[in-house]
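Understanding the architecture of this molecule
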Protein chains: 2
Amino acid sequence: MSNIPKIVILGAGYGGILTAQRLQKELKYNEADVTLVNRHDYHYITTHLHMPAAGTDTIEHSRVPISKLIDEFKIDLVKSTVKEIRVQEKKVILEDGLLTYDYLVIGLGGEPETFGIRGMKEHAMTIRSINSVRMIREHVEYQFALYKNDRRESRLNFVVGGAGFSGIEFVAELADRIPVLCREFDVDPNRVNIYNVEAAPTALPGFDPELVEYAMDVLKRKGVTFRIGVPIKECLPDGVIVGEGEKIQAQTIVWTGGIRGNHIIEDAGFEVMRGRVKVDEFLRAPGYDHIFIIGDNSLFFNPEGRPYPPTAQIAMQQGVTCARNVVAAIRRRQPHKFVFSNKGTVASLGKGEAVAVVGGRKMKGWTAAQLKKIVDMRYLFIIGGIPLVLKKGRFF
Amino acid sequence: MSNIPKIVILGAGYGGILTAQRLQKELKYNEADVTLVNRHDYHYITTHLHMPAAGTDTIEHSRVPISKLIDEFKIDLVKSTVKEIRVQEKKVILEDGLLTYDYLVIGLGGEPETFGIRGMKEHAMTIRSINSVRMIREHVEYQFALYKNDRRESRLNFVVGGAGFSGIEFVAELADRIPVLCREFDVDPNRVNIYNVEAAPTALPGFDPELVEYAMDVLKRKGVTFRIGVPIKECLPDGVIVGEGEKIQAQTIVWTGGIRGNHIIEDAGFEVMRGRVKVDEFLRAPGYDHIFIIGDNSLFFNPEGRPYPPTAQIAMQQGVTCARNVVAAIRRRQPHKFVFSNKGTVASLGKGEAVAVVGGRKMKGWTAAQLKKIVDMRYLFIIGGIPLVLKKGRFF
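All figures in this text were calculated on a predicted structure; none of them were measured in a lab.

It is worth spelling out the overall build of chain A at this point. From N to C terminus, chain A includes nine helices and 25 strands. Since a compact globule built from 396 residues should have a radius of gyration of about 21 Å, the 22 Å found for chain A is in line with a globular shape. C-alpha extents for chain A along the principal axes are approximately 70 × 40 × 40 Å. Partitioning the contacts of chain A with sequence separation of at least 6, the portion at a separation of at least 24 is 66%. In the structure as shown, chain A presents an accessible area of about 17900 Å², 51% of it carried by carbon and sulfur atoms.

On the chain A side, the residues contacting the 21 residues of chain B number 21 residues. Where chain B abuts chain A, roughly 1800 Å² becomes buried across the two surfaces, and 46% of that area is made up of carbon and sulfur atoms. Residues R134(A) and D186(B) are paired through a salt bridge, measuring 3.2 Å at the closest nitrogen-oxygen approach. Here chain B and chain A share 16 residue pairs in polar contact (both at pLDDT 80 or more) between them. In terms of residues, the side of chain B that touches chain A owes the most to one element, helix α4 (residues 130-150) of chain B, which gives 13 residues. Residue composition of the side of chain B that touches chain A, grouped by class: seven nonpolar, four polar and ten charged.

When chain B is fitted to chain A, the residual RMSD is 0.0 Å, and the transformation amounts to a turn of 180° plus an axial shift of 0.0 Å. The operation mapping one copy onto its partner corresponds to a two-fold rotation axis. The overlap is high: 100% of the interface residues of chain B also sit at the interface in chain A, so the same surface is used on both sides.

With that settled, consider the pairing of strand β9 (residues 103-106) of chain A. All names here are of chain A. Judged by which residues are buried, β9 turns out to be covered on both faces: Y103 and V105 on one side and L104 and I106 on the other are all buried. When strand β1 (residues 6-10) meets β9, the two strands line up parallel, connected through four bridges. Looking at the pairing, I9 lines up with V105 of β9. Strand direction decides the pairing type here: β9 and strand β21 (residues 291-293), joined by three bridges, are parallel. Considered in β21, the bridge of V105 is made with F292.

Relative to the 30 Å expected for 21 residues at 1.5 Å per residue, helix α5 (residues 165-185) of chain B spans 30 Å between its end C-alpha atoms, a close match to the ideal helical length. D186(B) sits one or two positions beyond α5(B) and adopts a positive phi of about 55°.

Residues and elements named next belong to chain A. What the domain assignment lists for chain A is domain 1 (6-39 + 80-112 + 259-341) and domain 2 (115-257 + 343-396). Listed by partner, the interface residues are ten residues for domain 1 and eight residues for domain 2. Summed over the three residues of domain 1 that lose the most area to domain 2, namely P112, Q313 and M316, the buried surface amounts to 43% of that side. Linking domain 1 with domain 2 are zero salt bridges, by the criterion used here. For the side of domain 1 that touches domain 2, the secondary structure elements donating two or more residues are α1 (14-26) and α8 (312-330). A total of four residues in the side of domain 1 that touches domain 2 trace back to one element, the largest contributor, which is α1.

All names here are of chain B. With antiparallel pairing, the three strands of this open sheet are ordered in space as β23-β24-β25. On the outer flanks of this sheet lie β23 (345-348) and β25 (361-364), each paired with one strand and no other. Strand-to-strand, the axes of this sheet are offset by a mean angle of 10°, without reference to chain direction. As defined by bridge partners, strand β24 (residues 354-358) adjoins β25 across four bridges and the pair is classed as antiparallel. In the strand pairing of β25, V357 is matched with K362.

This next bit is on the pattern of salt bridges. Any two side chains of opposite charge can pair if their charged atoms end up close together. Per the stated rule, a full pass over the model turns up 50 salt bridges over all chains. As a salt-bridge pair, R284(A) and D280(A) come within 3.0 Å of each other at their nearest N and O atoms. By relative accessible area, which is 23% here, D280(A) ends up partly exposed. For R274(B), the salt bridge goes to E113(B), with nearest N and O atoms at 2.9 Å. Residue R274(B) is located in the loop between α7 (263-267) and β20 (277-278), and its partner E113(B) is located in the loop between β10 (111-112) and α3 (120-123); the two are separated by 161 residues in the primary sequence. For E113(B), a relative accessible area of 6% corresponds to the buried category. Salt bridges sharing partners connect three or more residues here, namely E60(A), R63(A), R134(A) and D186(B).

This paragraph deals with the sheet that holds strand β21 (residues 291-293) of chain B. Strands in a sheet are paired, the pairing made by backbone hydrogen bonds, and the direction either parallel or antiparallel. Residues and elements named next belong to chain B. Pairing is parallel in the open sheet, where five strands are placed in the order β5-β2-β1-β9-β21. The sheet is open, and its two edges are formed by β5 (75-79) and β21, each paired on a single side. Between one strand and the next, the sheet's axes are offset by a mean angle of 15°, whatever the strand orientation. The sheet contacts of helix α1 (residues 14-26) involve β1 (6-10), β2 (33-38), β5 and β9 (103-106), and relative to β1 the element is tilted by about 155°. Sheet strands touched by helix α8 (residues 312-330): β1, β9 and β21. Its angle to β9, the strand with the most contacts, is close to 170°.

Moving on, we get to α8(B). Taking 1.5 Å as the rise per residue, α8(B) with 19 residues should run 27 Å; its terminal C-alpha atoms sit 27 Å apart, in good agreement. Across the 19 residues that make up α8(B), a large majority, 15, are buried.

Calculation criteria
Residues numbered from 1 in each chain as written. Chains lettered and ligands numbered in written order. Predicted model: local features only at pLDDT ≥ 70, side-chain atom pairs only at ≥ 80, totals over all residues. Heavy atoms only, no water. Helix = DSSP H or I, 4+ residues; strand = E, 2+ residues; numbered from the N terminus. Rg over C-alpha atoms; globule rule 2.2 N^0.38 Å. Contact = heavy atoms within 4.5 Å. Areas by Shrake-Rupley, 256 points an atom, 1.4 Å probe, with all protein chains shown as cover. Buried area = accessible area lost by both parts, 1.4 Å probe. Salt bridge = Lys/Arg side-chain N within 4 Å of Asp/Glu carboxyl O. Polar contact = N/O pair within 3.5 Å; in protein donor to acceptor, adjacent residues only side chain to side chain. Nonpolar A, V, L, I, M, F, W, Y, C, P; charged D, E, K, R; others polar. Least-squares fit on C-alpha atoms with pLDDT ≥ 70 in both. Buried < 20%, exposed > 50% of the residue type's maximum accessible area, 1.4 Å probe, protein only. Pairing = 2+ DSSP bridges. Expected span 1.5 Å × (residues − 1). Domains from an automatic or database assignment. Axes fitted to C-alpha atoms, helices over the stretch in contact; angles between N-to-C directions.

Now the structure itself:
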């Protein structure tokens, strides 16, 4: 047994990858052992998943082998699923093993939040991983193939629950994809319906109202039917019950309505709100100065006392601060406060269309769509440099 | 009402298309009205359907708009489904209309023959149309997507019932396709099983035994598991019961085991054997010298007194003779006897492999695969000339 401190990072999402990369840069030789645990041997670019989910882009643009992102001489990569965190014993139980740690970084990512809507968990698909995304794409295509054999109109109805950023971005891609599928399967596009159902009184809640209107106009022109201010009451195998009991028949229901923390966090005994832990200003779990929680699993409040929404942007920034604070802890120095710096928000609306707010400036249409690409490429650059941009970037 | 005789052709398959093309060539101006009825506005190349069914080629290489094959100034094209033939009234009832005729050519194509195997009709897919083929392709892909989410091993088992020409050709394409799907969905190819189950004591019954052995060796190397001399007793939603009660678990079952005639022929009151009518030497239905039956709906005996198997080759040759005999009847001349001229047989075994017997000569491997392409192109040339060969031909 060595005396070298053991750092274990759970999850290679935005937060985990950034933490790992910064640790590998900042730690000196033999200063610590770092192990990164992830369910898959690839990192996926969650903000891009709406495209392969709709089938408008390949899976390969949405994921990167983790071995390309970290230096395996410096960081051990363990491909396994985390089953349990035993905070008293400082142990992580894996599907097929066990890890002990001195410092733990939890970036396991969130889970879909269905707000207790009956049947949602059972009958709706969610955009949360490469596997779930391939499933949505194949499910949608399969409905077209089945329709040509059984002529059930509900196969051509697609319900997307939630008109937040994920919902809107997916709906836009789906609207771009439908005409292609109609040609491929000889289906009249007029028979197809895309419903975007949102309980809140507006699409893209919290976003600039002028841009929300622009976004909805773009999507309506692409054939999307909005049901805003209309809650989904129940999800069935063949549709959803909305509002006052109206049924929308549909064989495809995709739920984008919410994200909560991870059940593993709850099971570990942390105090949680919707599965997320309110971390201190240094991103530490309350009561544990050697456990850091970042990304969708953490709850961090803005100066006005409201929690920041879980985004890739905040997860990445948390990863950077988290790595600094782990190093500080090892070196017995003062930790750094996490301060979120909002770089702006872009929502893609499908091919050639987007809305964005950057530095208080509103953008829409082609300009915003170019900005979206730049944001995507900037991320690829941050995690993998020029080679990754060239390999995974979408230039057109 | 004109006195011009009315010719109605039912079905634009191999037989119907050839009949229509020859009639349009041989008939003089105003000598007859010709109407071609088909369910779709395209002709499909049935012998090619095993490829898009497996997903190794696009649908578009397997079909041609009928308007490209016939001269619409000379032949009326009616896109409709035939519901009933009233031979006493000389009428054809369509889904959405009615046609009267003086001469009728029936080339409606066959239907899958399940030999009364329980559950086969309900749970197995068949390779019989563009729609059924898209369904098989999507169903197979969907199993991979579902497997990645529920890990049911039976999703990776594929059962093909029948090891005749259709079965072998489809199995070969599927074996070529599986490695591609495994890469796309991150599935270990060793987990996938393709079972080809045949009740007869050999694969490719009636074919040269040496070539049968070669074909099976090629396919075994591609990962196909043969169960020859093993009947399917029952087809279930999640597998098949074979032999003495053994169950093969599989979410995908494709039945290629047989073809019978069309129920519309039976309903019309003709005497049938497995839905097919034993026509006279001029291809006429017994008792009706103005009704011709060709292709999978007809039963024609070779000089040794055994029926020819239903193939594209015989259907095409029948189409040519049928057209001549319709013209002869109109001109009150002697009809011509149908004589089948066997041009040989080729079975594709996937990329770069095939077996063939042509003029008594056996061929296998690359040479036979090239021959297969030449046969395909020859057909495109016959029905559509050089432009169609260039558009639909597979040159590589």
